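A look at the structure
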Amino acid sequence: MKELEKDELLEINGGASISATLINALSRAVSLITDLGRSLGSAIRRTMSGAYCKVK
């Protein structure tokens, strides 16, 4: 195996790619935020219109 000089070591690049796991986590986070917003909007609309189920 060849030993590299210091200036050769400084030229090595790597590890800056986006992995599938990161993309999956970001898409799930966006989906979660969208679902939370939809639920909150529905709750506000039902409260303002009074159109929610009342237990007798």
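A brief structural summary. This one's a predicted model, so the numbers in the text were calculated from it and none came from an experiment.

**Focus on the overall build of the protein chain**
Looking only at helices and strands, the protein chain features two helices and zero strands. Here the protein chain holds 56 residues, and the buried ones make up 0% of them.

**Let's talk about the pattern of salt bridges**
The tally for this structure, following the rule as stated, stands at two salt bridges. Between Lys2 and Glu8 there is a salt bridge, and its shortest N-O distance comes to 3.9 Å. The exposure class assigned to Glu8 is partly exposed, which follows from its relative accessible area of 32%. Arg38 is the partner of Asp35 in a salt bridge, and the nearest nitrogen-oxygen pair spans 3.2 Å. Remark: Arg38 and Asp35 occur in helix H2 (residues 20-49); sequence separation between them is three residues, near one turn of the helix.

**What to know about a nonpolar patch on the surface**
A grouping of Ile18, Leu22, Ile23 and Leu26 is seen on the molecular surface, where their side chains present a nonpolar patch of about 410 Å² in accessible area. Leu22 sits in the partly exposed class, given a relative accessible area of 41%.

What counts as what
Residues numbered from 1 in each chain as written. Predicted model: local features only at pLDDT ≥ 70, side-chain atom pairs only at ≥ 80, totals over all residues. Heavy atoms only, no water. Helix = DSSP H or I, 4+ residues; strand = E, 2+ residues; numbered from the N terminus. Buried < 20%, exposed > 50% of the residue type's maximum accessible area, 1.4 Å probe, protein only. Salt bridge = Lys/Arg side-chain N within 4 Å of Asp/Glu carboxyl O. Patch = residues over 30% accessible without salt bridge, like charges linked within 9 Å, V, L, I, M, F, W, Y side chains within 5 Å. Areas by Shrake-Rupley, 256 points an atom, 1.4 Å probe, with all protein chains shown as cover.

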